[in-house]
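Survey of secondary and tertiary structure
Here is what each chain is made of, one letter per residue.
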Amino acid sequence: MRAYVSVWKLRFINGMQYRAAAIAGALTQLFFGFVFIMIYMAFYSHSSGQPPMSLKEVITYVWLQQIFLSFIMLWFRDNEIFDLITSGNIAYELCRPIGVYPLWFAKLLAQRVTSAVLRSIPILIVVFFLPEPYRMAWPPDLPTLFLFVASLLLGLLVIVAVSMLIYISVFWTLSPTGSTLMISVAGEFFAGMIVPVPLMPDWLQKFTYALPFRWTVDFPFRVYSGHIPQTEALWGMIIQICWLCLLIGFGYASLRRALRQVVIQGG
Amino acid sequence: MQDTIIQLEGIGKSFKVAKRSAGLVQAAKALLVRDYNVVEALKDISFSIGKGEIVGYIGPNGAGKSTTIKVMSGILVPDEGSCQIMGYTPWTDRVTYVKNIGVVFGQRSQLWWDVPVIDSYELLKDIYKIPRQMYEDNLRMLSETLDLAEFIRTPVRQLSLGQRMRCEIAASLLHSPSLLFLDEPTIGLDAVSKLAVRQFIKTINKEQGVTVILTTHDMADIEALADRILMIGKGTLLYDGSLEQLRGRFGVQEKESLDEMIVQLYKEHQI
Amino acid sequence: MRLYFKYVSILFKSQLQYRASFWLLSFGQFLVPFTVFAGLYFMFERFGQLQGWTFFEAALCFGIIHMAFSLSECFARGFDAFSGLVRRGEFDRLLVRPRSTVLQVLGSQFEFTRVGRMLQSAIVLGWALYSLPVEWNTAKVTTLILMIVGGVFIFAGIYILMATLCFWTIQGLEIANILTDGGREMAQYPLNIYERWVKIFFTYVIPFGCVNYLPLLYILGKQDGNEWFYMLLPLAGILFLLPCLAIWHIGVRHYRSTGS
């Protein structure tokens, strides 16, 4: 366990060096938040009937999306791992006395957390002080906040497990860019990154609910605004855990198979 | 006395280097105000080089070798001093000037990684606007002397380092420059390739009269090629003369290795 | 110009070396704006209209700006990827060659996989044009083409500005996304839905409005005022490139005096 913590710490310190990048990132995300909110406001301003999500809920959703971007982006590139796989240097990784899966998992997790710490906090503070209608709303009560944090963290683990699968797939495709781009684009759409899931047409919602992606974005964010009631949120978290076990199990098994191939081929 | 081709007079260049300091407070401050150290990379460098010479330019890492090369190849503008090369001032007449020189950076490639070498050459032909006849003659001559024929249609990424370096050198000579800068041309090469490269440099110098300036850390290169050595340390020119004179000055035997002599010389100048 | 095509052909050959990856990437590039467009479609399906704009009008807006974006990514990618070039120290190499730096940087990269993106934009554009009841004449077609060209120039100008920044720092360049990706995301909807400061910034500073929203009013017959004025507005995009090039040359001069 200590080994993973060390990997984690190293990554963290490494990431902290890029302050300017973090500031730039925060500003960029704020800007995108504004643009998206303006677009939603324009749509809502003439809407007839009752949309499935209130404007205030959508605004909260947009800000959460910008704040936790590094938690929810499916595609968070780690070139080191790619190079390891494609160049055959994976052999070095196998020499270390710790499992490859947990090692990479820790690495990818640390990367996202670092980036989130650097970028989220400034935006997080700013959005609560914005003038209306842009201001971010608080969650309705304290238990909701706890539920949100728990579901967000579970969602984070789910997304790392999904991205692990992407990395593992590189053992077979050997070319990281093409296939990964496709998976991440589709995944982000079904996570509710482009349009919040409740605003999608009904037929698409059914499809989306069957996939794991929405548990990383749509679910925690709607827990925050209270759009998903608390009891339902608890059930949802159980489903998150199920997905997590499934994805990790599958990833573990496929990585084992991939590594066996590498060993047989001799690199 | 031969015609001079390069004339440097009192070239000086200093850089501002941002101070990097540890600590969060310091780092935050650095976002607003940066402290600078001024580093004098070149101090009053003057020398002249005659047509047809092969000059070895040596000095420890960070002494100012590549800065000088950059000034002479028109990449960098110095703070002071003048430089006349073939009647041009490199940094003011960049586009017309660089048509007359060839540059090889030993650690970087000018060839396109994924396509056959010959395609890179074709592109260079257009970049330098080389007339077809001249291009073909040069290509034939270069591929004969450097033995390029067998791999000229292979993508660069599949070449060995030695083959690649031969292609690099050929690439910088396609437009018949009369002056060639070689920045560590033998770095990382095996013995066979090293000899081939050295032999080739000699050949083009003799037959085409190309003036060659090379930087290297391999004293054997210098011994095999250079008629003359320029040594630079901490931005100043420390020695200008032939290898024999240098040997004489130290009274060293042939046996004693050149490397040791150079180390001694560096020590003497405290660099 | 011939040299530029030479660059293009050599880069094309390079990319074809990795054929499978090339096709997958092109397809991925097709998918990226596709999901965004799907989002726009679903929003219209849910809300019906957007402050007086119909789905197809917005789709035209989307198609034009995405077309311009994909073309610029295709042609001016060299500037977009310039930080890598500087970091690897390859800019020195360009300086010892007897050609203009702008041309050489343009030729250093060429992203053919953006064909996927282009195809997607072309389909949206075609669909919108087919479905809109616009009476086409030479003036309107010219305006449409000018809009795309102007858009390409603006994106190219922004890439050049950002590349210039690389001469000073390679940190924090992500901010450029506000102008490129942000400009694209914003300009895919009609500009009038935004707050005043956004409108002003993207009309007078980075003239996306001049190549998209305003001439579109003319094409759709919504403009008030002189037709010619609206028609010629996309030229602002072309003018935008000039100061960018001037700044680029300042950057090159700075690089040559510091060498860093």
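Residues numbered from 1 in each chain as written. Chains lettered and ligands numbered in written order. Predicted model: local features only at pLDDT ≥ 70, side-chain atom pairs only at ≥ 80, totals over all residues. Heavy atoms only, no water.

1. Things to note about the overall build of chain A
The condition is simple: What counts as a helix is a DSSP run of H or I of at least four residues, what counts as a strand is a run of E of at least two, and both are numbered from the N terminus. Three exposure classes are used, based on accessible area relative to the maximum for each residue type with a 1.4 Å probe and protein chains only: buried under 20%, partly exposed in between, and exposed over 50%. By definition in these notes, contact holds between two residues if any of their heavy atoms fall within 4.5 Å. To be clear on the numbers: accessible area is Shrake-Rupley with a 1.4 Å probe, and residue cover counts the displayed protein chains and nothing else.
For chain A, the count of helices and strands is twelve helices and zero strands. For chain A, the N- to C-terminal ordering of α and β elements is α-α-α-α-α-α-α-α-α-α-α-α. Within chain A, the proportion of its 267 residues that are buried is 57%. Long-range pairs, those at least 24 residues apart, make up 81% of the contacts in chain A between residues at least 6 apart in sequence. Surface summary for chain A: the accessible area is close to 11,800 Å², and the carbon and sulfur share equals 70%.

2. Considering helix H6 (residues 161–171) of chain B
Residue and element names in this part refer to chain B. In terms of residue burial, H6 counts as a mostly covered element, since nine of its eleven residues are buried. All of the buried residues in H6 are Gly162, Arg164, Met165, Arg166, Cys167, Glu168, Ile169, Ala170 and Ala171. Of the surrounding elements, those touching the buried residues of H6 are strand S5 (101–105), helix H4 (117–127), helix H5 (132–146) and helix H7 (191–208).

3. Brief notes about the packing of helix H2 (residues 19–47) of chain C against helix H8 (residues 115–131) of chain C
Residue and element names in this part refer to chain C. Let me state the cut-off plainly: Only C-alpha atoms enter the line fits that serve as axes; for helices the fit covers just the stretch in contact. Angles between N-to-C directions range over 0 to 180 degrees. Only Asp, Glu, Lys and Arg are considered charged, only Ala, Val, Leu, Ile, Met, Phe, Trp, Tyr, Cys and Pro nonpolar, and every remaining residue, Gly among them, polar.
Interhelical geometry of H2 versus H8 gives an angle of 35 degrees and a closest axis separation of 6 Å. The residues of H8 that touch H2, namely those facing Ser26, Gln29, Phe30, Val32, Pro33, Phe34, Phe37 and Tyr41, are Gly116, Arg117, Leu119, Gln120, Ile123, Val124 and Trp127. Of the residues belonging to the contact of H2 with H8, the class tally is ten nonpolar, four polar and one charged.

4. Details of the packing of H4(B) against H6(B)
Residue and element names in this part refer to chain B. For clarity, the threshold we go by: Angle categories: roughly parallel below 35 degrees, roughly antiparallel above 145, roughly perpendicular from 65 to 115, and oblique for all the rest. Take the far helix as the reference: if the near one is turned anticlockwise from it by less than a right angle, the crossing is left-handed, and if turned clockwise, right-handed.
One way to put it is that H4 packs onto H6 with a least axis distance of 11 Å and a crossing angle of 15 degrees. One element, H4, and the other, H6, form an angle in the roughly parallel class. When you trace H4 past H6, the crossing you get is right-handed. Together, Val117, Tyr121 and Leu124 of H4 and Cys167, Ala170 and Ala171 of H6 make up the contact between the two elements. Its residues placed into classes, the contact of H4 with H6 shows six nonpolar, no polar and no charged.

5. Points about the packing of aromatic side chains
Residues and elements named next belong to chain C. Put simply, the test is: Ring geometry is summarised as follows: Phe, Tyr and Trp rings, the Trp one being its six-membered ring, pair when their centres sit within 6.5 Å, and such pairs are stacked at plane angles under 30 degrees, edge-to-face over 60 and tilted between the two. For a lysine, the NZ atom is tested; for an arginine, the CZ atom; a charge sits over a ring if that atom is within 6 Å of the ring centre and within 35 degrees of the ring normal.
Enumeration according to the criterion identifies 56 aromatic pairs over all chains in this entry. Where Phe27 meets Phe30, the ring centres are 6.2 Å apart and the plane angle is 15 degrees; that geometry is what we call stacked. Taken together, the residues span about one helical turn, with Phe27 and Phe30 both in helix H2 at a distance of three residues. The class of Phe30 is buried, set by a relative accessible area of 19%. Just above the ring of Tyr218 sits the side chain of Lys140; from NZ or CZ to the centre is 5.8 Å.

6. A few points about the nonpolar core
Which entries qualify depends on this criterion: Buried residues of nine kinds, namely Ala, Val, Leu, Ile, Met, Phe, Trp, Tyr and Cys, make up a nonpolar core once their side-chain atoms join them within 4.5 Å.
By size, the foremost hydrophobic cluster in this structure holds 252 residues, and its most contacted members are Tyr121(B), Phe91(C) and Trp248(C). Counting residues per element, this core draws most heavily on helix H8 (residues 142–173) of chain A, at 16 residues. Excluding residues within four positions of it along the chain, Tyr121(B) makes contact with Leu111(B), Tyr135(B), Leu139(B), Leu148(B), Ile152(B), Cys167(B), Ala170(B), Ala171(B) and Leu174(B). Membership of the second largest hydrophobic core comes to 14 residues, among which are Leu258(B), Met261(B), Ile262(B) and Tyr266(B).

7. Notes on the sheet that holds strand S7 (residues 211–215) of chain B
Residue and element names in this part refer to chain B. Cut-off, in case you're wondering: Two strands are said to pair when DSSP picks up at least two bridges between them.
Overall, mixed pairing links the six strands, which are arranged S5-S6-S7-S3-S8-S9 in an open sheet. The open sheet has two edge strands with one neighbour each: S5 and strand S9 (236–241). Averaged over all adjacent pairs, the angle separating strand axes in this sheet is 15 degrees, with direction ignored. Where strand S3 (residues 54–58) and S7 come together, four bridges link them in parallel fashion. Bridging from a neighbouring strand, Val55 pairs with Ile213 of S7. Here helix H2 (residues 65–72) sits on the sheet in contact with S3, strand S6 (179–183), S7 and strand S8 (228–233), set at roughly 150 degrees to S7.

8. Some words on the side chain of Glu185(C)
For the record, the criterion: Under this definition, polar contacts are N or O atom pairs within 3.5 Å; protein pairs additionally need one hydrogen-donor-capable and one acceptor-capable atom, and for neighbouring residues in sequence, both atoms have to be side-chain atoms.
Within the element layout of this structure, Glu185(C) appears in helix H11 (residues 181–187). Side-chain polar atoms of Glu185(C) contact the side chain of Arg184(C), separated by 2.9 Å. Residues contacting Glu185(C), with those up to four places away along its chain left out, are Phe32(A), Phe36(A), Ile39(A), Val36(C) and Tyr194(C).

9. Here we look at the pairing of S9(B)
Relative to S9(B), S8(B) runs antiparallel, the two sharing five bridges. Note on S9(B): the bridge partner recorded for Met231(B) is Tyr239(B).

10. As for the interface of chain A and chain C
Note the following rule: Two parts lose some accessible area (1.4 Å probe) when they are put together, and adding that loss for both gives the buried area. Salt bridge criterion: a side-chain nitrogen from Lys or Arg within 4 Å of a carboxyl oxygen from Asp or Glu.
Every contact between the two is made by 46 residues of chain A and, on the other side, 38 residues of chain C. Between chain A and chain C lies a buried interface of about 3,500 Å² when both sides are counted; carbon and sulfur atoms form 78% of it. Put simply, chain A and chain C have zero salt bridges between them. At the boundary of chain A with chain C, the tally comes to five residue pairs in polar contact (both at pLDDT 80 or more). Among the elements of the structure, helix H2 (19–45), helix H9 (176–191) and helix H10 (202–209) of chain A are those that each provide at least two residues to the side of chain A that touches chain C. In terms of residues, the side of chain A that touches chain C owes the most to one element, H2(A), which gives 21 residues. Here the residues of the side of chain A that touches chain C sort into 32 nonpolar, twelve polar and two charged.

11. Here's the deal with the environment of Lys51(B)
All names here are of chain B. Mapped onto the elements of the fold, Lys51 is located in the loop between strand S2 (36–50) and S3. Judged by its relative accessible area of 47%, Lys51 falls in the partly exposed class. On a C-alpha basis, the gap between Lys51 and Gln199 in space is 19 Å, while along the polypeptide they are 148 residues apart.

12. Some words on the pairing of S6(B)
Residues and elements named next belong to chain B. We count it as follows: Seen with its strands pointing away from the viewer, a crossover is right-handed when the path leading from the first strand over the helix to the second is clockwise.
Counting buried positions along S6 yields five of five residues, so the element is predominantly enclosed. Here S6 shows two buried faces, one formed by Leu179, Phe181 and Asp183 and the other by Leu180 and Leu182. Where S5 and S6 come together, five bridges link them in parallel fashion. Opposite Val103, over in S6, you have Phe181 as the bridge partner. Where S6 and S7 come together, five bridges link them in parallel fashion. Its bridge partner lying in S7, Phe181 is registered against Ile213. Following the chain from S6 across H7 to the adjacent parallel S7, one finds a crossover that is right-handed.

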